[in-house]
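# Overview (structure and organization)
Letter by letter, the chains look like this.
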Amino acid sequence: MIDPAAPSRGDTPWIGDDPRFTELRASYRRFVFPVTAAFLLWFLTYVLCSAYARGFMATKVVGNINVALVFGLLQFVSTFGIALAYGRFAARRLDPLAGALREEAAARSGGEQELTGSQA
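Okay, so let's go over this structure. Everything quoted here is computed from the prediction, not taken from an experiment. (Residues numbered from 1 in each chain as written. Predicted model: local features only at pLDDT ≥ 70, side-chain atom pairs only at ≥ 80, totals over all residues. Heavy atoms only, no water.)

### What about the pattern of salt bridges?
By the definition in use, this model includes 3 salt bridges. The closest approach of N and O atoms between E23 and R30, which form a salt bridge, is 3.0 Å. Judged by relative accessible area, R30 falls into the partly exposed class, the value being 48%. Two residues, E23 and R93, come together in a salt bridge whose shortest N-O distance is 3.4 Å. Of this pair, E23 sits in helix α1 (residues 19–52) while R93 is found in helix α3 (residues 67–108), placing the two residues 70 residues apart along the sequence. We classify E23 as partly exposed; its relative accessible area is 31%. (Salt bridge = Lys/Arg side-chain N within 4 Å of Asp/Glu carboxyl O. Buried < 20%, exposed > 50% of the residue type's maximum accessible area, 1.4 Å probe, protein only. Helix = DSSP H or I, 4+ residues; strand = E, 2+ residues; numbered from the N terminus.)

Laid out in structure tokens, this is it:
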């Protein structure tokens, strides 16, 4: 049950003011927003070409493989590429900052509870 009288920032009200947390959020946003916009533009291009550029999409590339099939397969490739890129980015830039904040939060709480993201 959620207590409406509880502080909105949970047990760690200091964390929102920590410059490392601000940097963590900014780094996350600098990666996610442009990549999301680029992927949505790429997906919209695929959908619009499928709807309005049927001749172009029906162009044979090799044998029975046409541009529409190549674009469709590239949607999967780009999705997995983004997931891999984000994983590497998070491991390199986000995880060290989050780890430092997690350790400090655990130290400030006296080590009574481990901060794993789920609290029961």
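### Structural notes on the packing of aromatic side chains
Inspection of the entire model under this criterion finds 5 aromatic pairs. Seen in terms of ring centroids, Y28 and Y86 are 6.4 Å apart; in terms of plane orientation they differ by 85°. Their pairing is edge-to-face. Of the two residues, Y28 is situated in helix α1 and Y86 in helix α3; the sequence distance between them amounts to 58 residues. Judged by its relative accessible area of 38%, Y28 falls in the partly exposed class. Grouped by ring-pair contacts, the aromatic residues Y28, F31, Y86 and F89 constitute a single cluster. (Phe/Tyr/Trp six-rings, centres within 6.5 Å; stacked < 30°, edge-to-face > 60°.)

### Thoughts on the nonpolar core
Where a protein is soluble and globular, its nonpolar side chains tend to be buried together. By size, the foremost hydrophobic cluster in this structure holds 9 residues: I15, L24, F31, V32, F89, A90, L94, L97 and L101. The contacts of I15, once residues within four sequence positions are left out, are F21 and L101. (Core = buried A, V, L, I, M, F, W, Y, C linked by side-chain atoms within 4.5 Å. Contact = heavy atoms within 4.5 Å.)

### So, the side chain of S27
If you trace the backbone, S27 turns up in helix α1. A polar contact of 3.3 Å, which involves the side chain of S27, links it to the side chain of R93. (Polar contact = N/O pair within 3.5 Å; in protein donor to acceptor, adjacent residues only side chain to side chain.)

### Thoughts on the packing of α1 against α3
Between α1 and α3, the least distance of the axes is 10 Å, while the angle of their chain directions is 175°. Judged on the interaxial angle alone, α3 and α1 are roughly antiparallel. Grouping the amino acids of the contact of α1 with α3 by side-chain chemistry returns 22 nonpolar, 5 polar and 5 charged. (Axes fitted to C-alpha atoms, helices over the stretch in contact; angles between N-to-C directions. Parallel < 35°, antiparallel > 145°, perpendicular 65-115°, else oblique. Nonpolar A, V, L, I, M, F, W, Y, C, P; charged D, E, K, R; others polar.)

### Description of α3
Compared with the 62 Å implied by 1.5 Å per residue over 42 residues, the 57 Å span of α3 between its first and last C-alpha is a close match. Its maximal kink placed at L94, α3 deviates by approximately 45°, while the proline P96 follows within four residues. Three or more residues of α3 are buried, namely V67, F71, G72, Q75, S78, F89, A90, L94, L97, G99, L101 and A105. Where α3 is buried, its residues contact α1, α2 (54–57), β1 (60–62) and β2 (65–66). Positive phi shows up at G110, right after α3, with a value of about 80°. (Expected span 1.5 Å × (residues − 1). Bend = angle between axes of the 7 residues up to and from the residue.)

Nothing here speaks to function; it is all geometry.
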